[in-house]
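What follows is each chain in one-letter form.
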Amino acid sequence: MVTSDPIFQRIQAFDRSRGGGVAVRRVNRGYSLYSTATGVPIARLRPTGQADMVEVLWWRRGRWATIGDLGGVILPLDQALDYIANESLFW
């Protein structure tokens, strides 16, 4: 368990505040979110290196892919978590 990683902790805190159900794994320069009930991938957050900005990826055709045709979705972490929680694309 990664306890000294502030992004990891913020993702977990967001999940807890919404009732849980998401497992977070730190893998290859990013954070993969999975359903604890099914193990199905939900989303991936890839830090950009600029403040707390992350690129949001989705699971498509067996791999993580950018969203949209114009270079992906890049948001501050809190907005990215809200986006994932409220966008039907992930659920």
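Residues numbered from 1 in each chain as written. Predicted model: local features only at pLDDT ≥ 70, side-chain atom pairs only at ≥ 80, totals over all residues. Heavy atoms only, no water.

This paragraph deals with the packing of helix 1 (residues 6-17) against helix 2 (residues 77-86). In a packed pair of helices, the relevant descriptors are the angle between the two axes and the axis-to-axis distance. In contact at an axis separation of 11 Å, helix 1 and helix 2 are set at 40° when each is read in the N-to-C sense. By the angle class used here, helix 1 and helix 2 are oblique. Seen along the crossing, helix 1 lies across helix 2 with a hand that is right-handed. Note on element contacts: helix 2 touches helix 1 through L77, D78, L81, D82 and A85, opposite I7, R10, I11 and F14. (Axes fitted to C-alpha atoms, helices over the stretch in contact; angles between N-to-C directions. Helix = DSSP H or I, 4+ residues; strand = E, 2+ residues; numbered from the N terminus. Parallel < 35°, antiparallel > 145°, perpendicular 65-115°, else oblique. Left-handed = near helix turned anticlockwise from the far one by under 90°. Contact = heavy atoms within 4.5 Å.)

Another aspect to go through is helix 1. With 12 residues, helix 1 extends 16 Å from end C-alpha to end C-alpha; this agrees with the ideal 16 Å at 1.5 Å per step. For helix 1, the full list of buried residues reads I7, F8, I11, F14 and D15. In a view along the axis of helix 1, the buried residues occupy a sector of 125°, so they form one face of it. Facing away from the buried side of helix 1 by more than 90 degrees, the exposed set consists of P6, R16 and S17. Elements that come into contact with the buried residues of helix 1 comprise strand 1 (22-27), strand 2 (30-35), strand 3 (41-47) and helix 2. Among the residues of helix 1, the N-terminal cap falls to D5, whose side-chain oxygen and the backbone nitrogen of I7 are separated by 3.0 Å. Once helix 1 finishes, G19 follows within two positions and takes phi at roughly 100°, a positive value. (Expected span 1.5 Å × (residues − 1). Buried < 20%, exposed > 50% of the residue type's maximum accessible area, 1.4 Å probe, protein only. Arc of directions from axis to C-beta. Polar contact = N/O pair within 3.5 Å; in protein donor to acceptor, adjacent residues only side chain to side chain.)

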